[in-house]
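# Fold and geometry: a report
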Amino acid sequence: MQTKKPVLSRGYLYQTIVLSTSQLVLAGCSNTMSAKLAESPASRPAYEKMAEHYLLNTSFTAQGQDERIRFVILHYTALNQTDSLAMLTGPQVSTHYLVPEKPQWRGGEPVIMQLVPENKRAWHAGVSSWGGWRALNASSVGVEMVNRGYTELSSGWRQWYPYTAQQIEAVSILLKDVIARNRIEPYNVLGHSDVAPLRKSDPGPLFPWEQLASKGIGAWPDQQVVEKHLAGRAPKQAAVVLEVQKSLKRYGYDQIPQTGELDEDTRKTISAFQMHFRPSDYSGNADAQTEAIAKALLEKYRQ
Ligand SMILES: [Zn+2]
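Residues numbered from 1 in each chain as written. Predicted model: local features only at pLDDT ≥ 70, side-chain atom pairs only at ≥ 80, totals over all residues. Heavy atoms only, no water.

Moving on to helix H8 (residues 241–251). Every buried residue of H8 is listed here: Val-241, Val-244, Gln-245, Ser-247, Leu-248 and Tyr-251. Seen end-on, H8 carries its buried residues on one side only, within an arc spanning 165 degrees. Among the structural elements, strand S8 (129–130), helix H9 (264–277) and helix H10 (288–301) are those in contact with the buried residues of H8. Two residues or fewer past H8, Gly-252 is found with a positive phi of approximately 150 degrees. (Buried < 20%, exposed > 50% of the residue type's maximum accessible area, 1.4 Å probe, protein only. Helix = DSSP H or I, 4+ residues; strand = E, 2+ residues; numbered from the N terminus. Arc of directions from axis to C-beta. Contact = heavy atoms within 4.5 Å.)

What follows is the structure in structure tokens.
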């Protein structure tokens, strides 16, 4: 079989094993088939020298694989720049990227801080879930934006701090690249409040998701499809709670109860959804417009 003088190496041994197995399988096959298979990649292994003591045969590729990174999760730090950096470089929490409130621009490009390389896990999402996936630190890229979050007023209302235009520009440039390189689906571009709606509010209702979607970043429903699902109802008209719960669960909010009751967990999850897709009113009420937006998103992304 071997015409060349054998060289004693592990690569040679591997090749020998592969060829003998093929021969075994081919017992009884026609010569034509045997000639065809002799041309298959198995008979011509591609070796890559990886380290000092072994070679890799990379001739075969498994079908069973997907991207390690599936999600990008956006946050605000709720701290100023100095404290944000101190916290995110300390031992408790971290992020892949930190976007300053007023990023430096060098040669027309924003400077974004990378605190953890993308191939390592950063600790930003905590207890979290989305569309059947849990503990999303393992499968996401974390992007923290320096922003104070909100102040709770004596009236009980929250006063939110706006993002700066330069910061939104910088985060858009970053996200375009992160999404393209990791092939992240639009519906997997998320806020911390989407994946932990019972305990988190960031990036908050002032984060301009619609503006980002107009640049091709993340999901957004088509207005005419929202109108279709609204079906002539007033936007704030009460919807069937179970319909909203079912739609949100199907879209990805998999911790939302399926009870038909507007309980606290349901209200918090609806509020998180509204902060993302209808920030003008994130009261957590199960209204007709919320249901219509959810159904338009399902129609566009989750068929
Ligand atoms: Zn967060």
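Further notes follow.
Here Ser-94 is to be found in the loop between helix H3 (81–88) and strand S4 (97–99). A distance of 2.8 Å separates the side chain of Ser-94 from the backbone nitrogen of Trp-123, its partner in a polar contact. Not counting the four nearest positions on each side in its chain, Ser-94 is found in contact with Leu-88, Val-116, Ala-122, Trp-123 and His-124. (Polar contact = N/O pair within 3.5 Å; in protein donor to acceptor, adjacent residues only side chain to side chain.)

Our next topic: the nonpolar core. Among the nonpolar cores identified, the biggest contains 59 residues, and Val-72, Val-143, Leu-175, Phe-207 and Tyr-251 are the most heavily contacted of them. It is H10 that contributes the most residues to this core, 8 residues altogether. Counting residues domain by domain, this core receives three or more from each of domain 2 (71–214) and domain 3 (223–301). Dropping the residues within four chain positions of it, Val-143 is found in contact with Val-72, Ile-73, Leu-74, His-75, Thr-95, Tyr-97, Val-99, Val-171, Leu-174 and Leu-175. (Core = buried A, V, L, I, M, F, W, Y, C linked by side-chain atoms within 4.5 Å. Domains from an automatic or database assignment.)

Moving on to helix H4 (residues 165–182). Relative to the 26 Å expected for 18 residues at 1.5 Å per residue, H4 spans 26 Å between its end C-alpha atoms, a close match to the ideal helical length. Taken residue by residue, H4 has Gln-167, Ile-168, Ala-170, Val-171, Ser-172, Leu-174, Leu-175, Val-178, Ile-179 and Asn-182 as its buried positions. Where H4 terminates, the next one or two residues include Arg-183, which has phi positive at roughly 50 degrees. (Expected span 1.5 Å × (residues − 1).)

Time to look at the pairing of strand S3 (residues 71–76). Among the 6 residues of S3, 6 are classified as buried, and the element is accordingly described as predominantly covered. Burial along S3 is two-sided: Phe-71, Ile-73 and His-75 facing one way and Val-72, Leu-74 and Tyr-76 facing the other are all buried. Pairing between S3 and strand S13 (residues 189–191): 3 bridges, direction parallel. If you follow Ile-73 over to S13, its bridge partner there is Leu-190. (Pairing = 2+ DSSP bridges.)

A few words now on the sheet that holds strand S10 (residues 140–145). In spatial order, the strands read S7-S4-S10-S3-S13; together these 5 strands make up an open sheet with mixed pairing. Each edge of the open sheet carries a strand with a single partner, namely strand S7 (113–114) and S13.

Take the packing of aromatic side chains next. All chains considered together, the criterion is met by 13 aromatic pairs. Summarising the aromatic geometry, the rings of Trp-130 and Tyr-253 are spaced 4.7 Å apart at their centres and angled 75 degrees between planes, so their arrangement reads as edge-to-face. Within this pair, whereas Trp-130 is found in strand S8, its partner Tyr-253 is found in the loop between H8 and H9, the two being separated by 123 residues in sequence. For the pair Trp-130 and Tyr-253, a shared accessibility class is recorded, and that class is buried. When the centroid spacing of 5.9 Å and the interplanar angle of 80 degrees are considered together, the rings of Tyr-253 and Phe-273 count as edge-to-face. Here Phe-273 lies in helix H9 and Tyr-253 lies in the loop between H8 and H9, a separation of 20 residues in the sequence. Phe-273 shares its class with Tyr-253; the two are buried. (Phe/Tyr/Trp six-rings, centres within 6.5 Å; stacked < 30°, edge-to-face > 60°.)

A few words now on the packing of H8 against H9. Where H8 meets H9, the closest approach of the two axes is 11 Å, and the angle between their N-to-C directions is 60 degrees. As for the relative orientation of H8 and H9, their crossing is left-handed in sense. Contacts between H8 and H9 involve Val-241, Val-244, Gln-245, Leu-248 and Tyr-251 on the former and, on the latter, Thr-266, Thr-269, Ile-270, Phe-273 and Phe-277. In the contact of H8 with H9, the residues fall into 7 nonpolar, 3 polar and no charged. (Axes fitted to C-alpha atoms, helices over the stretch in contact; angles between N-to-C directions. Left-handed = near helix turned anticlockwise from the far one by under 90°. Nonpolar A, V, L, I, M, F, W, Y, C, P; charged D, E, K, R; others polar.)

Below, the discussion takes up the pattern of salt bridges. Any two side chains of opposite charge can pair, given that their charged atoms come close. A complete count under the given rule lists 15 salt bridges for this structure. Taking the shortest distance from any N to any O, the salt bridge between Glu-299 and Lys-228 comes out at 2.9 Å. Separated by 71 residues along the polypeptide, Glu-299 in helix H10 and Lys-228 in helix H7 (residues 223–230) bring together distant segments of the chain. Looking at Glu-299, the relative accessible area reads 28%, which means it is partly exposed. When the shortest N-O distance is used, the salt bridge between Asp-281 and Lys-236 registers 3.1 Å. (Salt bridge = Lys/Arg side-chain N within 4 Å of Asp/Glu carboxyl O.)

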